[in-house]
Amino acid sequence: MNKALRKAVIAGNWKMNKTRTEAKTLIEELIPIAAKFSSCETVICVPFTSLETALELTKGTNIKVGAQNCHFQKCGAYTGEISAGMLAEMGVEYVIIGHSERRQYFAETDLTVNRRTKAALAAGLTPIVCVGEMLSEREDGITEAIVMLQTIAAFTGISAEEAKKIVIAYEPVWAIGTGKTATDEQAEEVCAFIRKIMADKYGNDTAEVMVIQYGGSMNPGNAAGLLAKENIDGGLIGGASLKASDFGVLLEVANA
Ligand code: PGA
C-alpha cells in the first residue's frame, strides 16, 4: 500500500454554523491561504444556505464545495430534503454522507447511508462516507465489528470503479467535538483496517487508491502526527474548520 498514490483531502465540515454573511467572511479569508497549498484537495462542506455563496466565491480557486447530506431519491414528496442532483447542478462536488450526528439525531441507518451514497455517485458527486464507533463500543472491544458492518453496508452494490470515487471518513464518535482525539496509533489502526476491508472486497489496486480520512477533534496541534500515518489521507474537520487560521495550519501540514 503506497500513500503517495493518494492525494490527501482536507475537508471542513461546518455543520450548522455560519450565516451566509459569516460564510462569505470566512471563505474570503480562506481563499488566499488555500491558494498556497495545492498538493492536497481542499473542500468546505457548508450549510445548504451558504452553498451558492461558497460556489460563487470559490470559482477559479482551489477550494471545492461540498454539502453535508443529500436525499436518495431524485425528486418527489420529501419535504425538507435536497437531492444529489440538485447539488450537482449547482456545481457542488462533494457531499458528506452518514455523519454520526445524522446517525444519532436524524435516524440515519446503514441502509440509508448506502442509498444516499449511490444517489450521490449517480449524480456525479464525491461522497464522503462516515463510519465510526461510539465510546461504549470501543470499551466493549467491538470497534472493528462496528466499523466493518458500517463500511460493508455503505458499499453494498457499489462497484470497484465507483468505490475509487468515494472518500471514507473514519470518525470515532467519542472524538467528535469533544477535544478528545484518537491517538495517532488508534486512528491509523482503524484506517488500515478499513483499507483492508476494501482490499478484501475490491482488491489491492482499488484499496490503495482510496482516500481514507480521520475525523474527530483534528486540530493544528495534533494534525501532523495523524496525517503522517500511512493509511490516513487527510481529515474531516469540524471545529477547526471554522477559523481560517486553524484550517490553514491543517492545509499546511497536509502539504508538508
Ligand atoms: P470535530 O468534528 O473536528 O469538531 O471533532 C469532526 C466532524 O464531526 O466531522
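Residues numbered from 1 in each chain as written. Predicted model: local features only at pLDDT ≥ 70, side-chain atom pairs only at ≥ 80, totals over all residues. Heavy atoms only, no water.

Undergrad: Sorry if this is basic, but what is going on with the overall build of the protein chain here?
TA: Scanning the protein chain for helices and strands turns up twelve helices and eight strands. The globule rule puts the C-alpha radius of gyration for 256 residues at 18 Å, and the 17 Å found for the protein chain is close to it. Overall, the protein chain is about 45 × 45 × 35 Å in size when its C-alpha atoms are taken along their principal axes. The contacts in the protein chain between residues at least 6 apart in sequence include a share of 73% that link residues at least 24 apart. Counting only carbon and sulfur atoms, one obtains 54% of the accessible surface of the protein chain, whose full area is about 11100 Å². (Helix = DSSP H or I, 4+ residues; strand = E, 2+ residues; numbered from the N terminus. Rg over C-alpha atoms; globule rule 2.2 N^0.38 Å. Contact = heavy atoms within 4.5 Å. Areas by Shrake-Rupley, 256 points an atom, 1.4 Å probe, with all protein chains shown as cover.)

Undergrad: Would you mind going over the environment of Pro47 with me for this structure?
TA: On the secondary structure map, Pro47 appears in the loop between β2 (41-45) and α2 (51-58). Distance from Pro47 to Asn69, taken between C-alpha atoms, is 9.4 Å for residues 22 residues apart in sequence. Setting aside anything within four residues of it in sequence, one finds Pro47 in contact with Trp14, Lys15, Asn17, Lys18 and Gln68.

Undergrad: What should I look at first to understand the pairing of strand β7 (residues 212-215) in this one?
TA: Consecutive residues of a regular strand have side chains that alternate between opposite faces of the sheet. Of the two faces of β7, the one holding Ile212 and Tyr214 and the one holding Gln213 and Gly215 are both buried throughout. In this sheet, β7 lies alongside strand β6 (residues 167-170) in parallel orientation, the contact comprising three bridges. Directly across from Ala169, in β7, lies its bridge partner Gln213. Sheet topology note: the β7/strand β8 (residues 234-237) ladder contains two bridges and is parallel. Its bridge partner being in β8, Gly215 is matched across the sheet by Leu236. (Buried < 20%, exposed > 50% of the residue type's maximum accessible area, 1.4 Å probe, protein only. Pairing = 2+ DSSP bridges.)

Undergrad: Help me understand the environment of Ser83 in this model?
TA: Mapping Ser83 onto the fold places it in the loop between β3 (63-67) and α3 (84-90). Those residues in contact with Ser83 that lie beyond four places of it in its chain are Cys70, His71, Gln73 and Lys74. At a separation of 3.1 Å, a polar atom in the side chain of Ser83 contacts the main-chain amide nitrogen of Met86. (Polar contact = N/O pair within 3.5 Å; in protein donor to acceptor, adjacent residues only side chain to side chain.)

Undergrad: Looking at this structure, how should I read the side chain of Thr151?
TA: Summarising the element assignment, Thr151 is placed in helix α7 (residues 143-154). There is a polar contact of 2.6 Å between the side chain of Thr151 and the backbone oxygen of Val147.

Undergrad: I tried to follow the sheet that holds β8 on my own but got confused; where do I start?
TA: Strand order in the closed barrel formed by eight strands is β1-β2-β3-β4-β5-β6-β7-β8, with parallel pairing between adjacent strands. In this sheet, neighbouring strand axes are inclined to one another by 25° on average, regardless of whether the strands run parallel or antiparallel. The strands touched by helix α9 (residues 184-202) are β5 (126-131), β6 and β7; relative to β6, the strand with the most contacts, the crossing angle is about 145°. (Axes fitted to C-alpha atoms, helices over the stretch in contact; angles between N-to-C directions.)

Undergrad: Help me understand the packing of aromatic side chains in this model?
TA: For any pair of aromatic rings, the description consists of the separation of the ring centres together with the inter-plane angle of the planes. Going through the model one piece at a time under the given rule, you end up with three aromatic pairs. Where Tyr105 meets Phe106, the ring centres are 6.5 Å apart and the plane angle is 85°; that geometry is what we call edge-to-face. Classification of Tyr105 by relative accessible area gives exposed; the value is 58%. Ring centres of Phe155 and Tyr202 lie 6.2 Å apart, and the angle between their planes is 65°; on these two criteria the pair is classed as edge-to-face. Taken together, the residues span a long stretch of sequence, with Phe155 in the loop between α7 and α8 (160-163) and Tyr202 in helix α9 at a distance of 47 residues. Of the two residues, Phe155 and Tyr202, both sit in the buried class. Positioned above the aromatic ring of Phe106, the side-chain terminus of Arg102 is 4.4 Å from the ring centre. (Phe/Tyr/Trp six-rings, centres within 6.5 Å; stacked < 30°, edge-to-face > 60°. Lys NZ or Arg CZ within 6 Å of the ring centre and 35° of its normal.)

Undergrad: Looking at this model, I keep getting lost on the nonpolar core. Mind explaining?
TA: One finds Ile10, Ile44, Phe155 and Tyr214 to be the most contacted residues of the largest nonpolar core, which totals 69 residues. Per-element accounting of this core gives the leading share, nine residues, to α9. What Ile44 contacts, discounting residues up to four positions off in sequence, is Gly12, Trp14, Ile27, Leu30, Ala54, Ile63, Lys64, Val65, Gly66 and Phe247. (Core = buried A, V, L, I, M, F, W, Y, C linked by side-chain atoms within 4.5 Å.)

Undergrad: I tried to follow the layout of surface pockets on my own but got confused; where do I start?
TA: In this approach the atoms are scanned with a rolling probe the size of a water molecule, which exposes any empty space left behind. Of the volumes computed, that of the largest pocket is approximately 450 Å³. Broken down by class, the residue content of the lining of the largest pocket amounts to seven nonpolar, six polar and four charged. (1 Å grid on protein atoms, 1.4 Å probe; cavity = no way out; pocket = protein on both sides within 12 Å on 5 of 7 lines; lining within 4 Å. Points joined across faces, edges and corners; volume = space filled by probe spheres on them. Nonpolar A, V, L, I, M, F, W, Y, C, P; charged D, E, K, R; others polar.)

Undergrad: How should the site of the ligand be read in this particular structure?
TA: The immediate surroundings of the ligand are formed by 13 residues, with Lys15, His99, Glu171, Gly177 and Ser217 found nearest. A distance of 2.6 Å separates an oxygen atom of the ligand from a polar backbone atom of Gly177. Here the residues of the shell around the ligand are counted per class, giving four nonpolar, seven polar and two charged. (Near = heavy atom within 4 Å.)

Treat this as a map of the structure, not an account of what it does.
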